[in-house]
Amino acid sequence: MTEATMNKRYSVGQYLVDRLHQLGLEHLFAIAGDYSIEWLNQYVTPSSIEIVEEVNEVNAGYAADGYARLKGIGALCVTYSAGALCAVNAVAGAYVEKVPIVLINGTPSIKKTLTFEQTGFSAHHFISGRETDLQSFEHITVAAVRIENPDLAPMLIDYALTRCISERRPVYLELLQDMVDLECEPPQGVLTPARILSDQTSLEESVEKICAKLESAENPLIWIGVEIDRLGLQEKALRLIRQLEIPFVTELLSKAVLSEDDALFVGVLDGQASATAVTELVDSSDFVLALGVWLTDINSLGWNPDFDKTAFASLDAVKLGTYFGGQVALEHLIDGILAAKQLAPNARKRPKGRPGACRRWARPR
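Calculation notes
- Residues numbered from 1 in each chain as written.
- Predicted model: local features only at pLDDT ≥ 70, side-chain atom pairs only at ≥ 80, totals over all residues.
- Heavy atoms only, no water.
- Helix = DSSP H or I, 4+ residues; strand = E, 2+ residues; numbered from the N terminus.
- Buried < 20%, exposed > 50% of the residue type's maximum accessible area, 1.4 Å probe, protein only.
- Contact = heavy atoms within 4.5 Å.
- Areas by Shrake-Rupley, 256 points an atom, 1.4 Å probe, with all protein chains shown as cover.
- Core = buried A, V, L, I, M, F, W, Y, C linked by side-chain atoms within 4.5 Å.
- Polar contact = N/O pair within 3.5 Å; in protein donor to acceptor, adjacent residues only side chain to side chain.
- 1 Å grid on protein atoms, 1.4 Å probe; cavity = no way out; pocket = protein on both sides within 12 Å on 5 of 7 lines; lining within 4 Å.
- Points joined across faces, edges and corners; volume = space filled by probe spheres on them.
- Nonpolar A, V, L, I, M, F, W, Y, C, P; charged D, E, K, R; others polar.
- Axes fitted to C-alpha atoms, helices over the stretch in contact; angles between N-to-C directions.
- Parallel < 35°, antiparallel > 145°, perpendicular 65-115°, else oblique.
- Left-handed = near helix turned anticlockwise from the far one by under 90°.
- pLDDT = per-residue confidence, 0-100.
- Phe/Tyr/Trp six-rings, centres within 6.5 Å; stacked < 30°, edge-to-face > 60°.
- Lys NZ or Arg CZ within 6 Å of the ring centre and 35° of its normal.
- Pairing = 2+ DSSP bridges.
- Right-handed = clockwise from strand over helix to strand, strands pointing away.
- Patch = residues over 30% accessible without salt bridge, like charges linked within 9 Å, V, L, I, M, F, W, Y side chains within 5 Å.
- Salt bridge = Lys/Arg side-chain N within 4 Å of Asp/Glu carboxyl O.
- Lys, Arg positive; Asp, Glu negative; His and termini not counted.
- Charge placed at Lys NZ, Arg CZ, Asp CG, Glu CD.

**Q** Please clarify how the overall build of the protein should be interpreted in this entry.
**A** Within the protein one finds 14 helices and 13 strands. Taken over 365 residues, the protein has a buried fraction of 52%. Across the protein, the fraction of contacts at a sequence separation of at least 24, relative to all contacts at a separation of at least 6, is 73%. Just so you have it, the protein exposes about 16600 Å², and 52% of that area is on carbon and sulfur atoms.

Encoded structure:
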């Protein structure tokens, strides 16, 4: 809580600033409008969050997206409809690629909203009343809330931000201009992501099947996907690679998620655009463990994965041939494989050549 806050009653505007700061936000990308300017000037400016003024809302959205990929969370503040609807493309992209950003939309007051809806007298930026922006963003965020009551504001803000950091996807907050200065309860504790859950039976079955494949494979390969980055699993994935001494490739979206200077890195698997050494390695591998890989036409580019020899372990499921393990968290799966004491690296030849370069993985003779 800032010194300014301690000297006056606690408000909704301060609550939002403090929660964003607690989550590690240091910069807010913004296009100021009269519906959002009071919150920006009175609450964000005096705080430790620096406002970065952008030229338009699309730029602000993509800047927040890039910031979130580096920092763990990003945010932008816009004004109602004319500003918010310009940011749809950026927010939709963040939703698809699981990037946690917070869109704060400065919104007309309750009085203006009711006047428009009941008399037809319109304030600027209104389209069809209070639902226009909210309904637009409901489809491309994991939480879309309208803060129109100060007593409910803490609960709604905490709910939206918790969904953001738990699901690693965008959330939308409508901050009504007449709510900003109204009194509310101060934050309680610190927000943390919701627990990840796995079905124990599915988890144990999935770990057992993958470990059996790893034990019997002569030329296994690990395929590192973008979810390793989104879920912060880089260290665990690298521990698994080192423990098993298995070469790895990345997908285009996950390029450089793990160091390309690593001796076990072979290259980027990007369908027909892959280097010859990479495609030959994939073709000769008898088991591929794909961790957090997204199956998209960008990854395939006319190349079809061999689903019978590839285990796809993503956010919450494992697929291997005809086997499907539902509600298996990726982090729990990696932990289970790491804990399998019977697994040890087989006698395989290690990749040769300059670290980080695409190179041929030789079959053991």
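Here the narrative resumes, following the displayed structure.
**Q** Explain the nonpolar core here, please?
**A** Where a protein is soluble and globular, its nonpolar side chains tend to be buried together. Core analysis: the biggest nonpolar cluster contains 55 residues, and Leu20, Leu28, Trp39, Leu76, Val102 and Ile104 have the highest contact counts within it. When residues of this core are assigned to their parent elements, the largest contribution, 7 residues, is made by helix H8 (residues 153–167). Setting aside residues no more than four positions away along its own chain, Val102 makes contact with Leu20, Ile73, Gly74, Ala75, Leu76, Leu161, Cys164, Val171 and Leu173. Formed by 35 residues, the second largest nonpolar core is a distinct cluster that contains Leu240, Leu244, Leu264 and Leu289.

**Q** Can you help me understand the side chain of Arg230 in this one?
**A** One can find Arg230 in helix H10 (residues 227–230). Classification of Arg230 by relative accessible area gives buried; the value is 9%. Side-chain polar atoms of Arg230 contact the backbone oxygen of Glu97, separated by 2.6 Å. Only 3.0 Å separates the side chain of Arg230 from the side chain of Asp229, close enough to count as a polar contact. With residues near it in sequence (within four places) discarded, Arg230 still touches Arg69, Glu97, Lys98, Val99 and Arg168.

**Q** Honestly, the layout of surface pockets in this entry has me stumped. Any pointers?
**A** If a probe as big as a water molecule is rolled over the atoms, it shows which places are left empty. Taken as a whole, the largest pocket spans an internal volume of roughly 600 Å³. As for the largest pocket, its lining consists of 23 residues, of which Ser166, Ala194, Ile196, Leu231 and Leu315 are closest to the centre. Within the residue set of the lining of the largest pocket, elements represented by two or more residues are H8 and helix H14 (330–338). Broken down by element, the residue count for the lining of the largest pocket peaks at 3 residues, all from H8. Residues belonging to the lining of the largest pocket are distributed by class as follows: 11 nonpolar, 3 polar and 9 charged.

**Q** Just checking my understanding: could you explain the packing of helix H4 (residues 57–71) against helix H5 (residues 88–96) for this structure?
**A** How two helices sit against one another is set out by the angle between their axes and by the gap between those axes. Running from N to C, H4 and H5 point in directions that differ by 20°, and their axes come no closer than 7 Å. Considering the angle they form, H4 stands roughly parallel to H5. Like other packed secondary-structure pairs, H4 and H5 cross with a definite hand, here right-handed. Where H4 abuts H5, its residues Val58, Gly61, Tyr62 and Asp65 lie against Asn89, Ala90 and Ala94.

**Q** I'm lost on the side chain of Thr250 in this one. Help?
**A** Of note, Thr250 is situated in strand S8 (residues 248–250). What makes Thr250 buried here is its relative accessible area of 1%. With residues near it in sequence (within four places) discarded, Thr250 still touches Trp223, Ile224, Lys255, Phe265, Gly267, Val268 and Leu269.

**Q** Mind showing me how you'd approach the confidence of the model for the protein here?
**A** Detailed reading of predicted coordinates is not advised where the pLDDT is low. The predicted model of the protein averages 89 in pLDDT, with 87% of residues at 70 or higher. Long-range and interchain partners of residues 352–365, a stretch whose pLDDT sits below 50, account for 42 contacts in this model, where long-range means more than four residues apart.

**Q** Could you clarify how one ought to interpret the packing of aromatic side chains in this entry?
**A** Geometry of an aromatic ring pair is reported as the spacing of the ring centres plus the angle between the planes. For the coordinates displayed, the defined rule picks out 6 aromatic pairs. A centroid spacing of 6.3 Å and a plane angle of 85° characterise the contact between Tyr10 and Tyr15, whose relative ring orientation is edge-to-face. Assigned by exposure class, Tyr10 and Tyr15 land together as buried. Positioned above the aromatic ring of Tyr95 is the side chain of Arg169, whose terminal nitrogen or guanidinium carbon lies 4.2 Å from the ring centre. Its guanidinium or amino end placed over the ring of Tyr323, Lys209 lies 5.1 Å from that ring's centre, counting from NZ or CZ.

**Q** I tried to follow the pairing of strand S5 (residues 144–147) on my own but got confused; where do I start?
**A** The two faces of the sheet receive side chains in turn, since in a regular strand these alternate between them. Here S5 pairs with strand S6 (residues 171–176) via 4 bridges, running parallel. Counted as the bridge partner of Ala144 is Tyr172 from S6. Once the chain exits S5 it traverses H8 before rejoining the sheet at S6, and the crossover so formed is right-handed.

**Q** Can you help me understand a negative patch on the surface in this one?
**A** Together, Asp199, Glu204, Glu205 and Glu208 give the surface a local cluster of negative charge. With respect to the secondary-structure elements, Asp199 resides in the loop between S6 and helix H9 (200–216).

**Q** Even after reading the chapter, I still don't get the sheet that holds strand S1 (residues 27–30), so can you show me in this structure?
**A** Through backbone hydrogen bonds, the strands of a sheet pair up, either in parallel or in antiparallel fashion. Strands sit in the order S2-S1-S3-S4-S6-S5 across an open sheet of 6 strands; the sheet is parallel. Only two strands of the sheet have a single partner each, and these edge strands are strand S2 (50–53) and S5. If you compare each strand with its neighbour and ignore which way they point, the axes differ by 25° on average. Across 4 bridges, S1 lies against S2 in parallel orientation. Bridging across to S2, Leu28 finds its partner in Ile51. With respect to the sheet, H8 is in contact with strand S4 (101–107), S5 and S6, its orientation differing from that of S5 by roughly 160°.

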